[in-house]
Amino acid sequence: MPRVRVPATTANLGPGFDALGLALELYDYVSIEEAPELEITVQGEGENSIPRGPDNIAYRAAAAVYARVGRKVPGFKIAFENHIPVARGLGSSAAAVVAGLVGANALLGYPLPQEELVSLAARLEGHPDNVAPALLGGLVVVVLNGQQVYYQRLDPPPGLSLQVAIPHFTLSTRVSRGVLPAMVPVEDAVFNLSRTALLIAAAQAGDLELMGKAMEDRLHQPYRLRLIPGMPYVFEAALKAGALAVTLSGSGPAVIAFCRGSLPKVGKAMKEAFEEHGVKCEVKELKPASQGAILC
Ligand SMILES: Nc1ncnc2c1ncn2[C@@H]1O[C@H](COP(=O)(O)OP(=O)(O)OP(=O)(O)O)[C@@H](O)[C@H]1O
Ligand SMILES: N[C@@H](CCO)C(=O)O
C-alpha cells in the first residue's frame, strides 16, 4: 500500500504572490489503497474538521489520476497522519492534493510524469505556488499559462532557517483572497516584480542578506492585515530580534521569519507580540525541505 510523505510549504515569500513557494521540513503521511468503498481516517491536525466524504481533496486528486488515465474510479481507503496545521498558511490543502495524486499514481504503476502531476495539482488547488514545492521540494518558481504550468526548482539557499508563528485561529485561503483588490497601482506592481526577480537571483547566489531585502510586498499583505490581529507588530518584533525578513506564510494567518541559522529569540518575540494582541500561537523552528513528496 503506498504511503506518501508530503511536506508543508510556505507560498509567496513576500512579493512572489502566486508565483513562489518553499517546501518545509514538516510532513503529513498519507496511506492510500483501493477499497470497495470510500473510507477516510484522520489522526493529528484537522482530525475534527477534515471532510471524510467524496469532497475530501485527497480523494478528489486520486480520482482525477484514475480518470486521467481512463480507469474507473474505485473506492479508496485513505489514512492521514497529519502534522501540518490546517488553514494556517502552511499548505495543508496542497499537501492533501499532492498526497492523493502521488499515491494514486503509484497504485497505477506511475503512468503520469511529474510535469503532469504538477499541472493536475495546480488545477485542483486553483493556484500553483504550494503544490509545486510540495511535489518537487526546494524553492519553486511557478507560472500558470492557461492549463499549462511552467516551473523551475531551485535548491534552498544554505544556512536558511525559519521561525514560524502559527496562531490558534484558522483563516481559509478563500476568505484571505476575498479581501484582495481586483486592480493595483502600477507602482505597486513594479515594487513587487522587481523584488521577486531580485529574491530569486539572491536565492540562486545564496545571498541571504540580499534575499531579506527583497522580501517586502505591496500586493497582498497590506490588504490581509485586517484579518490578522497584531500582524504589523509581529513583523516588527521579528525584525528587531534579528530576522533577515518576515512575511505572511501563504494566505496566513501564520507569520514566517527568515533567519540565518537557528534564532529562537525571533520566534519568542513573534509569539509575545501576537499574545499582546490577544492571539495565542505556537512557534516552530523549521528548515527548508530539499525533497518533495516521496513514497515511504
Ligand atoms: N489532509 C487533508 N485532507 C483533506 N482536506 C484537507 C486536508 N488538509 C486540509 N484540507 C482542506 O483544506 C482546507 C484548508 O485549505 P486552505 O487553502 O484554506 O489553507 P492551507 O492550505 O492550510 O493554507 P495555505 O493554502 O494558505 O498555505 C481545510 O479546511 C480542509 O478542507
Ligand atoms: N498564493 C496564495 C497561497 C495560498 O495558499 C495566496 O496567497 O492566496
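Residues numbered from 1 in each chain as written. Chains lettered and ligands numbered in written order. Predicted model: local features only at pLDDT ≥ 70, side-chain atom pairs only at ≥ 80, totals over all residues. Heavy atoms only, no water.

Okay, the overall build of the protein next. Counting its regular elements, the protein contains 10 helices and 11 strands. Dimensions of the protein, computed from the C-alpha atoms along their principal axes, are close to 55 × 35 × 35 Å. Burial statistics for the protein: of 296 residues in total, 54% are counted as buried. When the accessible area of the protein is evaluated, it comes to approximately 12,600 Å², of which 53% is carbon and sulfur surface. Of the charged side chains in the protein, 26 are positive and 28 negative; the average position of the first set lies 1 Å away from that of the second. (Helix = DSSP H or I, 4+ residues; strand = E, 2+ residues; numbered from the N terminus. Buried < 20%, exposed > 50% of the residue type's maximum accessible area, 1.4 Å probe, protein only. Areas by Shrake-Rupley, 256 points an atom, 1.4 Å probe, with all protein chains shown as cover. Lys, Arg positive; Asp, Glu negative; His and termini not counted. Charge placed at Lys NZ, Arg CZ, Asp CG, Glu CD.)

For interface size, the figure often reported is the accessible area lost on association. When its domains are assigned, the protein resolves into domain 1 (3-155 + 290-295) and domain 2 (160-286). Taken over C-alpha atoms, the centre of domain 1 sits 24 Å from the centre of domain 2. Contacts between the two partners involve 25 residues from domain 1, matched on the other side by 38 residues from domain 2. Taking both partners together, domain 1 and domain 2 bury about 2,200 Å²; carbon and sulfur atoms supply 68% of that area. Of all residues in domain 1, the largest losses of buried area upon contact with domain 2 belong to Pro 15, Phe 17 and Arg 88, amounting jointly to 29% of the total for that side. Taken together, the links from domain 1 to domain 2 amount to 1 salt bridge. (Domains from an automatic or database assignment. Contact = heavy atoms within 4.5 Å. Buried area = accessible area lost by both parts, 1.4 Å probe. Salt bridge = Lys/Arg side-chain N within 4 Å of Asp/Glu carboxyl O.)

Mapped onto the present numbering, the UniProt feature "domain: GHMP kinase N-terminal" (unreviewed entry) falls at residues 56-138. Across residues 56-138 one finds 55% helix and 10% strand; the C-alpha atoms that close the span lie 27 Å apart. (UniProt positions renumbered as here; feature names shortened; annotations may be inferred.)

With that out of the way, let us pick up the site of ligand 2. Near ligand 2 the following residues occur: Ala 11, Asn 12, Phe 17, Asp 18, His 127, Asp 129, Asn 130, Thr 173, Arg 177, Arg 224, Gly 250 and Ser 251. In this structure, an oxygen atom belonging to ligand 2 sits 2.8 Å away from a side-chain N or O atom of Asn 12. A distance of 2.7 Å separates an oxygen atom of ligand 2 from a polar side-chain atom of Asn 130. Within the complex, 96% of the 260 Å² of free accessible area of ligand 2 lies under protein. Counting residues domain by domain, the shell around ligand 2 receives three or more from each of domain 1 (3-155 + 290-295) and domain 2 (160-286). (Near = heavy atom within 4 Å. Polar contact = N/O pair within 3.5 Å; in protein donor to acceptor, adjacent residues only side chain to side chain.)

Right, let's talk about a nonpolar patch on the surface for a bit. On the surface, a nonpolar cluster with roughly 290 Å² of combined accessible area is contributed by Val 186, Val 190 and Leu 193. Position of Val 186 among the secondary structure elements: in helix H6 (residues 186-205). The exposed category is assigned to Val 186, whose relative accessible area is 62%. (Patch = residues over 30% accessible without salt bridge, like charges linked within 9 Å, V, L, I, M, F, W, Y side chains within 5 Å.)

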